Amino acid sequence: MPISETWLLPDGVADVLPEQAQVIESLRRKALDFLAYRGYQLVYTPFIEYIESLSSLSESNQDLDLATFKVIDQLTGRLLGVRADMTPQVARIDAHVHPVNGIARYCYAGTVLHTKPQGFNTTRAPLQLGAELFGSDSIDADAEIIDLMLGLLKQAGFGESIHLDMGHVGLFRNMVQHAGLDKDTEQHLFDLYQRKALPELADFTQDLAYGADFYVLGRYASDLDALQQHLSAEVLENAAFLQAFTALLETRNTIQSRWPNLTIGIDVVELRSYHYHTGLTYAVYAPNRAAPLAQGGRYDGIGEHFGRARPAIGFSCDLYALSMGQIQDISVVVAPKGLQHDLLEAIAKLRAEGRSVVQLLGQDDLETVPYATHQLQLVDGQWIVNKI
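Residues numbered from 1 in each chain as written. Predicted model: local features only at pLDDT ≥ 70, side-chain atom pairs only at ≥ 80, totals over all residues. Heavy atoms only, no water.

**Looking at the UniProt feature "binding site: L-histidine" (unreviewed entry) in the chain**
Mapped onto the present numbering, the UniProt feature "binding site: L-histidine" (unreviewed entry) falls on D85, M86, T87, Q128, E132 and R272. For E132, the position within the fold is in strand β6 (residues 127-134). Look at E132 and you get buried, because its relative accessible area is 1%. Setting aside anything within four residues of it in sequence, one finds E132 in contact with Y40, T87, V90, A104, R105, Y106, Y108, Y299, I313, G314 and F315. Relative to the helices and strands, R272 resides in the loop between β8 (263-266) and β9 (280-285). Under the relative-accessibility criterion, R272 is labelled partly exposed at 22%. The contacts of R272, once residues within four sequence positions are left out, are H277, T281, Y282, A283, Q295 and G296. (UniProt positions renumbered as here; feature names shortened; annotations may be inferred. Helix = DSSP H or I, 4+ residues; strand = E, 2+ residues; numbered from the N terminus. Buried < 20%, exposed > 50% of the residue type's maximum accessible area, 1.4 Å probe, protein only. Contact = heavy atoms within 4.5 Å.)

Structure representation (structure tokens):
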């Protein structure tokens, strides 16, 4: 049986055809220009490298480790990893390849590969675009990255209907440490929070150290004022907890002042990537979209694996997902065959204006040019573009 009858792409992998490819490429260029204007320097990272170089995240994020394709290098026999996320590679650049004094700002865009789709109806080969800020643990840095993310989404055509969700893993993590809970208890609480199982949470926390506070954390996870009112004084006076609470509150207020029409939701027990993030987390959603448009958070110390632990915060998005459902009509001007000076000049002028021009070859005619929409014709000694 010929391969033409049996050929299929792997699940979660797809071709991108011209009508959508133009949308994606236009979005990529606009996004990278926007990031460049904000001071974020573009870097390119290798698609594959030794697994040790990618392990700065996988050591603390088992999900990322499971998402990473691993192969044997035929030259050295060592284990290679195909990047499933570009953040650890940018962290390597900041810590080891291109260390700079002060704050470093980087952006990137490239294909990553996942062993399995990371969500419903998602690709295994996203076109990931993102930005990272290294060297500042201030609330101003948190606000800058979120503002940058929102501005990029606005550039991509997402207006006031978007919704920002914010959380902070430090609240739960510091309460666990303050209560001296073991790993099994911590994991059980984590599972209850993720399932929003308040009745089970109430039962489980009855005999737990600071059990009432752990219940309050889940009960008032979306209301910082109520959370502050119902938590015990001992928890609120804990320096690490108070710092995390203040960071979340002040960052929310700063973003709200910059984006007054934006709806912002709070969920302090949305512990996405709990073992990877060290502080603030955030994600942006749009109506009729199950997956976030963009997401990120703080992951201080990420460069420690490469010998330089620094505060870090960033976000990423999938350009395929951002462009979903958008199609751009293709316009092609067909020029006749010939080497006349005036004809070549007319073609060059159209291309300089940004028009797509195809010149006929041999005995070709209009039927041989897909997407042909206009024709360059000689009328009364002038080359004129007419719609087909």
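**Some thoughts on the domain arrangement of the chain**
Domains assigned within the chain are domain 1 (18-323) and domain 2 (332-387). In this structure, domain 1 and domain 2 have C-alpha centres spaced 50 Å apart. (Domains from an automatic or database assignment.)

**Describing the side chain of Q128**
Tracing the sequence through the fold places Q128 in strand β6. On the basis of relative accessibility, which here comes to 9%, the residue Q128 falls in the buried class. In terms of polar contacts, Q128 uses its side chain to reach the side chain of D85, at 3.0 Å. Polar side-chain contacts of Q128 include one of 3.0 Å to the backbone nitrogen of M86. Contacts of Q128, omitting those with residues within four sequence positions, involve D85, M86, Y108, A109, G110, V112, S316 and C317. (Polar contact = N/O pair within 3.5 Å; in protein donor to acceptor, adjacent residues only side chain to side chain.)

**Details of the packing of aromatic side chains**
Centre-to-centre distance and the angle between the planes together describe a pair of aromatic rings. For the structure shown, the criterion picks out five aromatic pairs. Ring geometry for F172 and Y193: centres 5.4 Å apart, planes at 90°, overall edge-to-face. Of this pair, F172 sits in helix α7 (residues 169-179) while Y193 sits in helix α8 (residues 183-195), placing them 21 residues apart in sequence. Taken together, a centroid distance of 5.2 Å and an interplanar angle of 15° make the contact between Y276 and Y299 stacked. Highlighted residues: Y276 in the loop between β8 and β9 and Y299 in the loop between β10 (294-298) and β11 (312-318), separated in sequence by 23 residues. There is no split in this pair, since Y276 and Y299 are both buried. Feature note: the residues F172, Y193 and F214 constitute an aromatic cluster, connected by ring pairs. In this arrangement the basic side chain of R78 is found over the ring face of Y50, its NZ or CZ atom lying 3.7 Å from the centre. (Phe/Tyr/Trp six-rings, centres within 6.5 Å; stacked < 30°, edge-to-face > 60°. Lys NZ or Arg CZ within 6 Å of the ring centre and 35° of its normal.)

**Structural notes on the sheet that holds strand β12 (residues 332-335)**
On the basis of which strands lie adjacent, the open sheet formed by four strands has the order β13-β12-β14-β15 and mixed pairing. Both edges of this open sheet fall to β13 (357-359) and β15 (382-387), since each of them pairs with a single strand only. Recorded for the sheet is a direction-independent mean angle of 30° between the axes of neighbouring strands. Bridge count between β12 and β13: three bridges; the pairing is parallel. The residue bridging V334 from the neighbouring strand is V358, located in β13. (Pairing = 2+ DSSP bridges. Axes fitted to C-alpha atoms, helices over the stretch in contact; angles between N-to-C directions.)

**Some details on the nonpolar core**
In terms of nonpolar packing, the biggest core is built from 73 residues, with L35, L164, F214, V268 and Y282 touching the most fellow members. Examining the composition of this core, we find that nine residues originate from one element, helix α6 (residues 139-155), more than from any other. With 14 residues, the next largest nonpolar core counts V43, A104, F134 and I302 among its residues. (Core = buried A, V, L, I, M, F, W, Y, C linked by side-chain atoms within 4.5 Å.)

**Regarding the environment of G102**
Mapped onto the secondary structure, G102 falls in the loop between α5 (87-97) and β5 (104-111). Through-space distance from the C-alpha of G102 to that of V43 is 18 Å; in sequence the pair is 59 residues apart. Aside from chain neighbours lying at most four places away, what touches G102 is F134, G135 and R310.

**Comments concerning a nonpolar patch on the surface**
A cluster of nonpolar side chains, contributed by W7, L9 and V13, occupies part of the molecular surface with about 260 Å² of accessible area. Note that V13 resides in the loop between α1 (3-6) and α2 (18-37). (Patch = residues over 30% accessible without salt bridge, like charges linked within 9 Å, V, L, I, M, F, W, Y side chains within 5 Å. Areas by Shrake-Rupley, 256 points an atom, 1.4 Å probe, with all protein chains shown as cover. Salt bridge = Lys/Arg side-chain N within 4 Å of Asp/Glu carboxyl O.)

**Focus: the pairing of β6**
By the criterion of burial, β6 is predominantly enclosed, with eight of the eight residues buried. Every second residue of β6 is oriented toward a common face, with L127, L129, A131 and L133 on one face and Q128, G130, E132 and F134 on the other, all of them buried. The sheet contact formed by β5 and β6 spans eight bridges and is antiparallel. Across the sheet, the residue bridging to G110 is Q128, located in β6. In the sheet, β6 pairs with β11 via seven bridges, with the strands oriented antiparallel. The residue bridging L133 from the neighbouring strand is I313, located in β11.

**A short note on the side chain of H374**
Within the fold, H374 resides in strand β14 (residues 372-379). Overall, the relative accessible area of 18% leaves H374 in the buried class. A distance of 2.8 Å separates the side chain of H374 from the side chain of T373, its partner in a polar contact. In this structure, H374 is in contact with S331, V332, V333, V334, R355, V385, N386, K387 and I388, ignoring residues within four places of it in sequence.

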